[in-house]
Structure formats: structure tokens, C-alpha cells
Amino acid sequence: MSVPAELKYTEEHLWMGVPEGGRARAGLTHFAQSQLGDIVYVELPQVGQVIEAGQAMGQVESVKAATDFYAPVGGKVTAVNQELAESPELINEDPYADGWMVEIEPSGADATSHLLDAAKYQGLVAEG
């Protein structure tokens, strides 16, 4: 299972990049997409939407289930991956690159301090 060391993670199985230029991309982890199976539809938030950490901000549907996904941090949605509307399977194929879901401008300098590092996330997944 792929868990890139440079990313941060939530207990709800989302990853988030380190904010660069005030913004960071986020998406489902490799573990999450593998548990869901083939993803067939993704509902993303609106660009400009202000979200709170832990708030549902969209939905992912797979052949197995439909599930909400939650904001890893509070802030403003600055971009969404439009390619997922036509090709939601990108999340299965490459969750950390082409399968990114949203770009967020965190609402504070310490907005990512509660997120897990790769080692802690791997421990969480191993426990599950």
C-alpha cells in the first residue's frame, strides 16, 4: 500500500499535501480507494466554498458503496479536479496525482497540525 511520506493524512483516509503558495491538494488515500473498489462517480464541492475541518464536502460512489468525504482542514476550496466528472476512475488509478480531488487554501498557519504523518497513518491502517 502506498503512503507517500511527504503528505499528511486524516483518520477518515484523506491525504493532503503540504500547503505551497497558500494552497494544498487533497484526495482519497490508496487505502480508501482500494476499500471502495471501482469508483464510478464523484461529487465535489464548489470552488470558493468555505469549509470547516471535518465537514462533509462531497461524495464518492463506487460499485460497493456511496460515502461522504470530509475536509482535512478548514479553509476555502480554490480548485476541484474537473477531470473526475468524466473519469472518476482516476482516483483508483493514481490517487496521489491524477486522482486528486480538491485544492484548499487552509484558514490558518497551523491548520494542518492535527493531521497524521505517514508513519502514524500506516499504523492506523494496520490497526483497522
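Everything here concerns the structure above.
Owing to the predicted nature of the structure, the values given are computational and were not obtained by experimental measurement. (Residues numbered from 1 in each chain as written. Predicted model: local features only at pLDDT ≥ 70, side-chain atom pairs only at ≥ 80, totals over all residues. Heavy atoms only, no water.)

Caption draft 1: Structural context of the overall build of the protein. Looking only at helices and strands, one finds four helices and nine strands in the protein. Helices and strands in the protein line up, N terminus first, as β-β-β-α-β-β-β-β-β-α-α-β-α. Principal-axis analysis of the C-alpha atoms gives the protein an extent of 40 × 35 × 20 Å. A buried classification covers 47% of the 128 residues belonging to the protein. Within the protein, contacts between residues at least 6 apart in sequence are counted, and of these 61% link residues at least 24 apart. (Helix = DSSP H or I, 4+ residues; strand = E, 2+ residues; numbered from the N terminus. Buried < 20%, exposed > 50% of the residue type's maximum accessible area, 1.4 Å probe, protein only. Contact = heavy atoms within 4.5 Å.)

Caption draft 2: Structural view of the sheet that holds strand β2 (residues 14-16). Reading across from one edge, β1-β2-β3-β9-β8-β5 is the order of the six strands in this open sheet, with antiparallel pairing throughout. Each edge of the open sheet carries a strand with a single partner, namely β1 (8-9) and β5 (50-51). Where strand β3 (residues 24-28) and strand β9 (residues 102-106) come together, three bridges link them in antiparallel fashion. Residue pairing for β9: alanine 26 is matched across the bridge by valine 102. (Pairing = 2+ DSSP bridges.)

Caption draft 3: Structural detail: the pattern of salt bridges. One pass over the full model with this rule turns up two salt bridges. The salt bridge involving arginine 23 is made with glutamate 103; its shortest N-O contact spans 3.4 Å. Residue arginine 23 is located in the loop between β2 and β3, and its partner glutamate 103 is located in strand β9; the two are separated by 80 residues in the primary sequence. Each of the salt bridges in this network shares a partner with another, and the network as a whole consists of Arg23, Arg25 and Glu103. (Salt bridge = Lys/Arg side-chain N within 4 Å of Asp/Glu carboxyl O.)

Caption draft 4: Summary view of the sheet that holds strand β6 (residues 56-62). Taking strand neighbours across the sheet as the criterion, the three strands line up as β4-β6-β7 in an open arrangement whose pairing is antiparallel. The strands lining the two open edges of the sheet, one partner per strand, are β4 (39-43) and β7 (66-70). Neighbouring strand axes in the sheet, compared pairwise and without regard to direction, differ in orientation by 25° on average. When β4 meets β6, the two strands line up antiparallel, connected through four bridges. Residue pairing in the sheet places isoleucine 39 in a bridge with serine 62 of β6. (Axes fitted to C-alpha atoms, helices over the stretch in contact; angles between N-to-C directions.)

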